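# Overview (structure and organization)
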Amino acid sequence: MSTGRVALTGKTRICPHCKSTILESASVCPACQHHLRFDPKAIAERRMQATFSALRVEGAFRHPEEAEAWEYSIVVSVRNDRGEEVARKVVGVGALNANEGRSVTLSVDVFKPPEK
Ligand SMILES: [Zn+2]
C-alpha cells in the first residue's frame, strides 16, 4: 500500500548509464541527463515537486600566453554547518596549452517534497 509519495531522504543509487552516484529519487541523471527507469506513479509525483537551484557559480581560467602547458585539477568540497567536510571530489583534471581556457559551472539543485 503506497500513497505514491516519494520520500526524499538523500538515499543514493548508481546511474546505470554513467555510473555516477545520484539521488534515488531522481528521474533524470544530473550527470549524463539520461532518463531513468522509475515507477510511473512516482514520476508523476516527482514532476509536481518544486525544484529550485540553490546555488550556481561560474568561472573561467585561461593559460595566458606562449609558454609550457599547465595542468589543473578541479575539486569540489562540501561542508556541513560544523565545518566538517562531508564530501570531496575531483571532478576533472587536464592540461592547458598556450592560450587555451576552461570554464567551470558548479550548480546545486534542491528537491522539495510535495505540499501536504
Ligand atoms: Zn548518468
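Up top you'll find the structure we're talking about.
First, a word on what this report is: a plain description of the structure on this page. (Residues numbered from 1 in each chain as written. Predicted model: local features only at pLDDT ≥ 70, side-chain atom pairs only at ≥ 80, totals over all residues. Heavy atoms only, no water.)

## Remarks on the overall build of the protein
Of the regular secondary structure elements, the protein holds 1 helix and 6 strands. Reading the secondary structure of the protein in the N-to-C direction produces β-β-α-β-β-β-β. By sequence separation, contacts in the protein at least 24 residues apart represent 49% of the contacts at least 6 residues apart. Here the protein displays about 9,100 Å² of accessible surface, and carbon together with sulfur accounts for 51% of that area. (Helix = DSSP H or I, 4+ residues; strand = E, 2+ residues; numbered from the N terminus. Contact = heavy atoms within 4.5 Å. Areas by Shrake-Rupley, 256 points an atom, 1.4 Å probe, with all protein chains shown as cover.)

## Describing the pairing of strand S4 (residues 70-79)
In the sheet, S4 pairs with strand S5 (residues 85-96) via 10 bridges, with the strands oriented antiparallel. For arginine 79, the partnering residue across the bridge sits in S5 and is glutamate 85. Where S4 folds back on S5, the antiparallel hairpin that results is connected by 5 residues, among which glycine 83 adopts a positive phi of roughly 80°. (Pairing = 2+ DSSP bridges.)

## A look at the layout of surface pockets
Estimated volume of the largest pocket: approximately 1,400 Å³. Lining of the largest pocket is provided by 32 residues; of these, Thr21, Pro30, Leu106, Ser107 and Val108 occupy positions nearest its centre. When contributions to the lining of the largest pocket are tallied by element, the ones reaching two or more residues are strand S2 (21-23), strand S3 (51-62), S4, S5 and strand S6 (101-111). At 7 residues, the largest contribution of residues to the lining of the largest pocket is made by S6. Its residues assigned to classes, the lining of the largest pocket comprises 18 nonpolar, 9 polar and 5 charged. (1 Å grid on protein atoms, 1.4 Å probe; cavity = no way out; pocket = protein on both sides within 12 Å on 5 of 7 lines; lining within 4 Å. Points joined across faces, edges and corners; volume = space filled by probe spheres on them. Nonpolar A, V, L, I, M, F, W, Y, C, P; charged D, E, K, R; others polar.)

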